[in-house]
Amino acid sequence: MTESTVKQPGQGVDLHRLIFDLTSRATEVPFDQFVGEVVAKLADFYGASIGRIYLGNSQSPVGAVDRNDAMAGFDAQQNKAVADADARLSFEVRKQNRPLKLSQLQQSSAALGALRTANVGEGYGLPITVHGKAKGALCLYSSSPLKFTKDDLKSLQALGNVLQGTVKQEDGSKRYLEDSRENDKKLKHYKKHLQRIEQILEELRALTMARSIILIERTAEFIAKRGEDLPYDESHLNVLLAGGYESAKRLAGLVGSSDERMVVHEGEEESVLVKEVADRALLAIIYQDHDVPALIAEWANSAADRLAEELSALGEVKLL
């Protein structure tokens, strides 16, 4: 499928905004519901009747929508024919890592006949990429020709990061306060809010695909962490994070940017974003290459607001 002109001015910008709005719900609802919302909104955006999303090597969609009940009258044979054709399209898109049309592939007469019955003129497959590699596919079917641009594919990269990150991941982090006495009201209070803090950090790690996420006091005291154990002394790192942020904050004040509450240190292999949380804590995100780094800052801002509420409820956070 060759690149074509956008349907209307600003389509790429509108799609990027839509995907950002969608990803903001990635950790608020169950994964199945989230993917269902994504494919429904994307189908609506492009004016497609049928939409399906595939992840990994799966031959079955993880999310699907039939906006106008176009397939409601299909019998079992027609459903199978269309499902096979759709799976083939998604497979080829992932294999070739490029957009394809259904008409470019050899399909059974049963599938084509069923789609004509559903008033579908063409099927389109778009790769959902992570770091340039196809990790999934978005398949759309429409009665009218659809048009896509490079901006569309770039916006789908942001979606790829989120979909990849929100798939169930191994919980490799430590659980703090495991040995606390459950019958102690104060300890239960600490554990409840610390677990909520850890949950927010884990959700943020899934969205950003970060190597590690750390929450510390501005005095460098440890609060919580999610992600990998780092290959250096973490207490020393906490001091460096806190000291580096304070230095950057003072420097910003000297040049008239006293309201700045975020610092990014970019390295050749890894970068570190440090975000102030409620004037008392620092959120550090250690991540490698990301297709849309601006989203990391937006997600950090959102997570910081939620963390501020938990820290306020927790009061003086001390690991016992």
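Thresholds, definitions, all that
- Residues numbered from 1 in each chain as written.
- Predicted model: local features only at pLDDT ≥ 70, side-chain atom pairs only at ≥ 80, totals over all residues.
- Heavy atoms only, no water.
- Helix = DSSP H or I, 4+ residues; strand = E, 2+ residues; numbered from the N terminus.
- Buried < 20%, exposed > 50% of the residue type's maximum accessible area, 1.4 Å probe, protein only.
- Contact = heavy atoms within 4.5 Å.
- Areas by Shrake-Rupley, 256 points an atom, 1.4 Å probe, with all protein chains shown as cover.
- Pairing = 2+ DSSP bridges.
- Axes fitted to C-alpha atoms, helices over the stretch in contact; angles between N-to-C directions.
- Salt bridge = Lys/Arg side-chain N within 4 Å of Asp/Glu carboxyl O.
- Parallel < 35°, antiparallel > 145°, perpendicular 65-115°, else oblique.
- Nonpolar A, V, L, I, M, F, W, Y, C, P; charged D, E, K, R; others polar.

What follows covers the overall build of the protein chain. In terms of helices and strands, the protein chain carries 8 helices and 10 strands. Out of the 320 residues in the protein chain, the part that is buried amounts to 47%. Pairs at least 24 residues apart make up 63% of the contacts formed inside the protein chain by residues separated by at least 6 positions. Total accessible area on the protein chain stands at roughly 16200 Å², and carbon and sulfur atoms take up 48% of it.

Ordered in space as E7-E6-E10-E9-E8, the 5 strands form an open sheet in which the pairing is antiparallel. Of all strands in the sheet, those bounded by a partner on one side alone are strand E7 (222-227) and strand E8 (262-266). Along the sheet, successive strands turn relative to each other by an average axial angle of 15°, direction set aside. Taken together, the 7 bridges between strand E9 (residues 271-277) and strand E10 (residues 281-287) define a ladder with antiparallel strand orientation. Bridge pairing links Val-272 to Ile-286 in E10. Strands in contact with helix H8 (residues 293-314) are strand E6 (212-217), E7, E8, E9 and E10; relative to E9, the strand with the most contacts, it is inclined by about 40°.

With that settled, the discussion passes to the sheet that holds strand E4 (residues 122-130). Strands sit in the order E2-E1-E5-E4-E3 across an open sheet of 5 strands; the sheet is antiparallel. In this open sheet, the two strands that pair with only one neighbour each are strand E2 (63-66) and strand E3 (100-101). Bridge count between strand E1 (residues 50-55) and E2: 4 bridges; the pairing is antiparallel. Considered in E2, the bridge of Arg-52 is made with Ala-64.

Here we take up the pattern of salt bridges. All told, the structure shown has 16 salt bridges when counted by the stated rule. Sharing partners across several salt bridges, the network here consists of Arg-218, Glu-246, Lys-249, Arg-261, Glu-276 and Asp-279.

Bringing unusual backbone geometry into the picture now. We note that Met-209 has phi near 55°; this positive angle belongs to a residue other than glycine. By secondary structure assignment, the location of Met-209 is in the loop between helix H6 (185-208) and E6. Taking relative accessible area as the criterion, Met-209 reaches 31% and is therefore assigned partly exposed. Unlike most non-glycine residues, Ala-278 shows phi in positive territory, near 55°. Tracing the backbone shows Ala-278 in the loop between E9 and E10.

Okay, the packing of helix H3 (residues 76-96) against helix H4 (residues 109-117) next. The packing of two helices is summarised by the inter-axis angle and the distance between the axes. Where H3 contacts H4, the axes come no closer than 8 Å and their chain directions differ by 105°. Judged by the angle between their axes, H3 and H4 are roughly perpendicular. From H3, Gln-78, Ala-81, Val-82 and Ala-85 reach across to H4, where they touch Ala-110, Ala-111, Ala-114, Leu-115 and Thr-117. Looking at the contact of H3 with H4 residue by residue, the classes come out as 7 nonpolar, 2 polar and no charged.

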